[in-house]
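# Summary of the model geometry
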Amino acid sequence: MSHGDRDHHAKIATGKGDPQCFKGTADGPPKFKVGQRVRIKNLPDIFYTRCQVYTRGAVGEVAVITHESPAPEDEAWGHVDKSEWFYIVRFKQKDLWPEYPAAFANDTLQTEFSERWLEPA
Amino acid sequence: MSSDTRDEVLRHLLAVVEIQPPVQQTGKAPYSWNITHEQFRAYTRSPHDVGGEVDVPVEWTEEHGEAWGYRAYVTTEVMAWRGVWCAEERRRMQNVDLGTTQYLGLPYYGRWLLAAARVLVEGRHCTLTELINKLDEVKKRHVTR
Amino acid sequence: MSKKHDHDHGHDHKAAPMVEEISDFEALEIAVRELAIEKGLFTAEDHRRFTEFAEQIGPTPAARMVAKAWLDPKFKQLLFTDVIEASKHVGVDYLKPTGFGTPSDYTDVRVLEDTPTLKHVVVCTLCSCYPRPILGFQPEWYRTPNYRRRLVRWPRQVLAEFGLSLPPEVEIRVEDSNQKCRFIVMPVRPKGTEGWTEDQLTAIVTRDCLIGVALPKPGVTTNVKLQVMHPPGQAH
């Protein structure tokens, strides 16, 4: 686990923090913009995912571009050599749950995704 | 398509409630065609992914923690501090790898503790034999109830 | 049920030879810690230092950051642009005790600002992610599958169970904290607190207000009143 060099993370992150230590390590600028409509991809979730099933296929709006970090599906096995941009995406509750009361049409939910989970809507 | 996925997601959230361990009626594992797509997804889902599942109103409580649990928490964080693993590896082992039955059945810090034990062996810091012998030795110093 | 043994006993590297009753969990905890130390993965001193850190965390720093932000627009701006720097103003060095932060809590904290028409509430549906360095340990209910299943889908029902009912015009925004970002809620400063000091304001920003299941009220300095469960045999 986090094979080999047990000092690696301390070396890159001391004095900076995590995810600050991954700043500048993604392959390029963020692909999506704040305000952009995005759909959550339904990639196979074999073995591990932090992209909640309840969000799959839903369409929301990028609310915040947060930081760069290895995706959890990779970090969960200690792979930290690749980073992605992360986004907080906001959904209307009525778009997630068919029984959500129409009386509360303003209610929203937001959660965070690494870039691989998003596609333009 | 988006609406097909949403339909599938909503069926999944009902199906996970219905998953039960296979009853040994036939004495053999089911054929693949006995497992629906919803059941396959429910069986192979990450157990920690519970958002949107049906549950009932409860009386919320505060909990006075147990000392061994806080010690286990410290152990897992210190392991991450010293580079044995990172928090995400811990979450995978602790909240997903152990499977739904243990996930829903064990104490909260019990899962942290099992993950810490797991990484010792999985990360080849000790052999399972060493862990078994150490645990046996600790138990012999005490009487386990 | 047998008596629980003294928790100080467990901090020794090698336990004194005595026969007393412990649970399977206590036995495994000792075994894992001793084996890890024997294999040089960490030291007993490391464990002691992190224990000291964990024993002193609580919700006061986050409460004080909200109180300060209510009183001082410049601090509020700092809170929204650099929480790590803002934390120093309430005595929290977010990089402690490892030098790069606590491994499970990371160092990207976001403040969710309520308005009269927007109420935030936080959950981690996947586990129980929580900004421990400024908020302490999560309440047990926050960790339960029940809270994590239901808050994202039936937030108004769950909030009503905590005594919070809001009109339909107020947008309830659930924050599902599932990655490295951590969140605290900055509630609207309540009426009846005009002229209050920072200490007075801090006292009414409870942990439950910072999670989002309660609203701050003059005269209310405790969390939502719930039954407290104790393990058998353990004193208060």
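Refer to the structure printed above.
Because the structure is a prediction, the values reported are computed rather than measured.

## Some points on the overall build of chain B
Check the secondary structure of chain B and you find seven helices and two strands. Moving toward the C terminus, one meets the helices and strands of chain B in the order α-α-β-α-α-α-α-α-β. Compactness check: chain B gives a C-alpha radius of gyration of 19 Å against a globular reference of 15 Å for 145 residues, more than 25% above the reference. When its C-alpha atoms are laid out on the principal axes, chain B stretches across 55 × 40 × 35 Å. The proportion of buried residues among the 145 residues of chain B is 50%. With an accessible surface of roughly 7,200 Å², chain B has 56% of that area assigned to carbon and sulfur atoms.

## Remarks on a nonpolar patch on the surface
On the surface, Ile46(A), Phe47(A) and Trp77(A) cluster together into a nonpolar patch covering about 340 Å² of accessible area. Structurally, Phe47(A) is set in the loop between β1 (37-40) and β2 (59-69).

## Points about the sheet that holds β1(A)
Read across the open sheet, the seven strands follow the order β5(A)-β1(A)-β2(A)-β3(A)-β4(A)-β4(C)-β3(C); overall the sheet is mixed. Edge strands, defined here as strands with exactly one partner in the open sheet, are β5 (118-120) of chain A together with β3 (118-123) of chain C. Mean inter-strand twist for the sheet, computed between neighbouring axes without regard to direction, equals 35°. Alignment of strand β4 (residues 108-114) of chain A against strand β4 (residues 171-176) of chain C, held across four bridges, turns out to be parallel. Bridge pairing in β4(C) links Gln110(A) to Glu175(C).

About the cut-offs
Within each chain, residues carry numbers counting from 1 in the order of the written sequence. The lettering of chains begins at A and the numbering of ligands begins at 1, in the order of writing. Reporting of local features is limited, given that this is a predicted model, to residues whose pLDDT is at least 70; pairs of side-chain atoms are given and counted only at 80 or more, and all residues count toward the totals for whole chains, interfaces and linings. With hydrogens and water stripped out, all remaining heavy atoms of the structure feed into the side-chain values. Strands here are runs of E lasting at least two residues and helices are runs of H or I lasting at least four, both read from the DSSP assignment and numbered beginning at the N terminus. Radius of gyration here uses only the C-alpha atoms, and the compact-globule reference equals 2.2 Å multiplied by the residue count raised to the power 0.38. Using a 1.4 Å probe on the protein chains alone, a residue whose accessible area is under 20% of its type maximum counts as buried, one over 50% counts as exposed, and one in between counts as partly exposed. Here the open area of atoms and residues is found with the Shrake-Rupley method and a 1.4 Å probe, where only the protein chains shown may cover a residue. A patch consists of residues whose relative accessible area exceeds 30% and which take part in no salt bridge; residues with like charges are grouped when within 9 Å of each other, and nonpolar side chains (Val, Leu, Ile, Met, Phe, Trp, Tyr) when within 5 Å. Between Lys or Arg on one side and Asp or Glu on the other, a salt bridge is scored when a side-chain nitrogen of the former is within 4 Å of a carboxyl oxygen of the latter. Note: two strands are recorded as paired if DSSP finds a minimum of 2 bridges between them. A fitted line through C-alpha atoms represents every axis, and for helices the fit uses only the stretch in contact; the resulting angles, taken between N-to-C directions, go from 0 to 180 degrees.

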